[in-house]
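# Structural characterization, general
Residues per chain are reported as follows:
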Amino acid sequence: MSLMNEFTKGIVKENPLFRLVLGTCPALAITTSVENGLGMGAAFTAVLLASNIVISAMRKIIPDSVRIPAYIVIIASFVTMIDLAMHAYTPDLYKSLGIFIPLIVVNCIILGRAEAFANRNSVVPSVFDALGMGLGFTLALVLVCTFREVLGAGTFLGHTILPESKAAILMILPPGGFVTLGCMLGFLNKVQSKTA
Amino acid sequence: MQDYFIIIVSAVLINNIVLSQFLGICPFVGVSKKLGAALGMGAAVTFVLVLAGGLTWAIQTYMLNPFNIGYLQTIAFILVIASLVQFVEMVIRKFSPALYKSLGVYLPLITTNCAVLGVAILNIQKEFSLLQALVFSLSHAIGFTLALVLMAGIRERLEDADTPKCMRGMPIALVTAALMSMSFLGFSGLV
C-alpha cells in the first residue's frame, strides 16, 4: 500500500459520501450554496486530519476497552477549536453553517476513520488517509452544492448564472437536498454498473 | 399554554427534525425498511432524547454557565449523551428484558445520532426554561418517530414496486424523502 494509494482511495473508490453514504446529515443540510460546501469541507478536513494524527500517535497508549469514549473526547476537542476559530475569523460562514459545526462531532466518517484506519496505522499513512477522505468529502459536498445553488438560486459562488425568474427555489429548500443526493447516487450506480 | 402548543406544532410538523432540519438522516434511511423496527427506533430515540434534553439543560444551567466555561459545551454534551445511552441500556436490560430485546440493537446507535446532540444544542440556543426544553425535546422526538414510521410504511410498499435497478435502495429512499419533505412544506403556514 503506497501513500498515494491511501490518498486517492478517499476521493473516488471509497468516497465517504457517494460510495459509503456516510455523513449525509451535513451533506443535505448545508449544501444550499457552494461557499457553505467549501467551508464545511474545510472544517471537516481539519478536524479529521487533527484527530487522525492524534489517534494514530496514541493508538498504543489508549486501552482497547475505552477507545470509543477516548476518540469521542479527542474529536470533540478539535471540533470545539474549529468552532471557536470559525466564530472568530469567519463569522458569516459560522452563522450559515450554524449548528452543523458542533455536529461534526457525531459525523460518522470521522469516528469511522479513527476506528477503521488511524487505530491500526502509524501517523504518516493516517495523514494521507485523512487528507484523501477530507478532499473526497469536500468534492462531493461541492458537487451537490453546485447543482443546488445553480438550479435553486441561479448563482455560482454568488455570481449570477441563470436569471432569477428561471431559478427553482425548491432546490435550495429541504426537498431539493433529498432529490439531488438521491439522483446523484442513482446516477453513480448506473455508471458503475455500465463500467463493471 | 399557547407557547407550548406552538413549540409542539412547529417541532412535529413545520420544522420536522428529519425532513426539514436534516438531523438524524442516518437512522432515517438505515432503519426504515420495516415498520416494527422503525417503531422500536422511534421509541428508543424518544426515550434518550427527552432524558438527554433535560440533563444537558441542567448541565448548561448549573455547571457551564456559573463557571463561565460555555466553550466546553460540545465536549460536555457528547460525553453526557454517550454515557446516558450506556446507562439507559444497562437499566433497561436489568428491569425490562422484553423492552431491551426489542430496543437492544438500536440503543448503541443513538450515541452517534446527530438528532440527540442537535436538539440538546438547540435547547440552549433558544434559551428555553427546563419545561420548555423537555417539551421541545419530546415534540422533536415525536416528529422523528412520525417521519420514520411514515417512511417505513412507504418503503414496505416500495419493495414490491418496479423501480429502475440503479435507483434501488438508498437513491429511491432519498427521492421518497424529498416527496415527503415537500408535503411537509405544506404545513409551514400553520403557525
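Right above here is the structure, for reference.
Parameters at a glance
Residues numbered from 1 in each chain as written. Chains lettered and ligands numbered in written order. Predicted model: local features only at pLDDT ≥ 70, side-chain atom pairs only at ≥ 80, totals over all residues. Heavy atoms only, no water. Helix = DSSP H or I, 4+ residues; strand = E, 2+ residues; numbered from the N terminus. Rg over C-alpha atoms; globule rule 2.2 N^0.38 Å. Buried < 20%, exposed > 50% of the residue type's maximum accessible area, 1.4 Å probe, protein only. Contact = heavy atoms within 4.5 Å. Areas by Shrake-Rupley, 256 points an atom, 1.4 Å probe, with all protein chains shown as cover. Lys, Arg positive; Asp, Glu negative; His and termini not counted. Charge placed at Lys NZ, Arg CZ, Asp CG, Glu CD. Patch = residues over 30% accessible without salt bridge, like charges linked within 9 Å, V, L, I, M, F, W, Y side chains within 5 Å. Salt bridge = Lys/Arg side-chain N within 4 Å of Asp/Glu carboxyl O. Buried area = accessible area lost by both parts, 1.4 Å probe. Polar contact = N/O pair within 3.5 Å; in protein donor to acceptor, adjacent residues only side chain to side chain. Nonpolar A, V, L, I, M, F, W, Y, C, P; charged D, E, K, R; others polar. Expected span 1.5 Å × (residues − 1). Axes fitted to C-alpha atoms, helices over the stretch in contact; angles between N-to-C directions. Parallel < 35°, antiparallel > 145°, perpendicular 65-115°, else oblique. Left-handed = near helix turned anticlockwise from the far one by under 90°.

### Here we look at the overall build of chain A
Secondary structure assignment for chain A yields eight helices and two strands. Ordered by position from the N terminus, the helices and strands of chain A form the series α-α-α-α-α-α-α-β-β-α. A compact globule built from 196 residues would reach a C-alpha radius of gyration of about 16 Å, and chain A, at 18 Å, matches this within 12%. In chain A, which comprises 196 residues, the share counted as buried stands at 51%. Residue pairs at least 24 apart in sequence account for 74% of intrachain contacts in chain A once pairs closer than 6 positions are excluded. A total of about 8,800 Å² of accessible surface is found on chain A, and carbon and sulfur atoms cover 69% of it. Across chain A, 13 positive and 10 negative side-chain charges occur, with their mean positions spaced 10 Å apart.

### Structural notes on the overall build of chain B
A count of helical and extended segments in chain B gives nine helices and zero strands. Scanning chain B from its N terminus toward the C terminus, one meets helices and strands in the order α-α-α-α-α-α-α-α-α. For 191 residues, the compact-globule formula gives about 16 Å, and the C-alpha radius of gyration of chain B, at 17 Å, lands near that figure. If one aligns the C-alpha atoms of chain B with their principal axes, the spans along those axes are about 60 × 45 × 30 Å.

### With respect to a nonpolar patch on the surface
Nonpolar side chains collect at one region of the surface, where A:Ile169, A:Leu170, A:Leu173, B:Leu179 and B:Met182 lie side by side and expose about 430 Å² of accessible area between them. By the element assignment, A:Leu173 lies in the loop between β2 (159–160) and α8 (174–195).

### Some words on the interface of chain A and chain B
On the chain B side, the residues contacting the 33 residues of chain A number 32 residues. Buried area between chain A and chain B, both sides added, is near 2,900 Å², and the carbon and sulfur share of it is 87%. Here chain A is connected to chain B by zero salt bridges. One can count one residue pair in polar contact (both at pLDDT 80 or more) joining chain A with chain B. Top contributing element to the side of chain A that touches chain B by residue count: α8(A), with 11 residues. Here the side of chain A that touches chain B is built from residues that sort into 26 nonpolar, six polar and one charged.

### Some details on helix α7 (residues 123–153) of chain A
Over its 31 residues, α7(A) extends 43 Å from the first C-alpha to the last, a length consistent with the 45 Å expected when each residue adds 1.5 Å. Following α7(A) by one or two positions, A:Gly154 adopts a phi angle in the positive range, close to 75°.

### A look at the pattern of salt bridges
Residues and elements named next belong to chain A. Per the counting criterion, the structure on display carries five salt bridges over all chains. Across the pair Arg67 and Glu115 runs a salt bridge whose closest N-O atoms are separated by 2.7 Å. In this pair, Arg67 is assigned in helix α4 (residues 67–89) and Glu115 in helix α6 (residues 108–118), connecting sequence segments 48 residues apart. The salt bridge partner of Asp129 is Arg113, with a shortest N-O separation of 2.9 Å. Of the two residues, Asp129 sits in helix α7 while Arg113 sits in helix α6, which places them 16 residues apart along the sequence. With relative accessibility at 0%, the residue Asp129 sits in the buried group.

### Quick notes on unusual backbone geometry
Residue and element names in this part refer to chain B. Positioned with a positive phi, Phe22 is a non-glycine residue whose angle comes to about 55°. Relative to the elements of secondary structure, Phe22 occurs in the loop between α1 (2–14) and α2 (25–30). Given a relative accessible area of 4%, Phe22 falls into the buried group. Residues other than glycine seldom take positive phi values, yet Glu127 does so here, at roughly 55°. Checked against the element boundaries, Glu127 lands in the loop between α7 (114–125) and α8 (130–158).

### As for the packing of helix α3 (residues 35–64) of chain B against α8(B)
Packed helix pairs are characterised by how far apart their axes lie and by the angle those axes make with each other. All names here are of chain B. Closest axis-to-axis distance for the α3/α8 pair is 8 Å, and the angle between their directions is 165°. One element, α3, and the other, α8, form an angle in the roughly antiparallel class. You can see that α3 and α8 cross each other, and the crossing is right-handed. For the contact of α3 with α8, the per-class residue count stands at 17 nonpolar, eight polar and one charged.

### Notes on the environment of A:Thr90
Residue and element names in this part refer to chain A. Considering the arrangement of structural elements, one finds Thr90 in the loop between α4 and α5 (91–97). Accessibility expressed as a relative area gives 32% for Thr90, which makes it partly exposed. In this structure the C-alpha to C-alpha distance between Thr90 and Gly39, which are 51 residues apart in sequence, comes to 9.4 Å.

So yeah, pure geometry; function would need other evidence.
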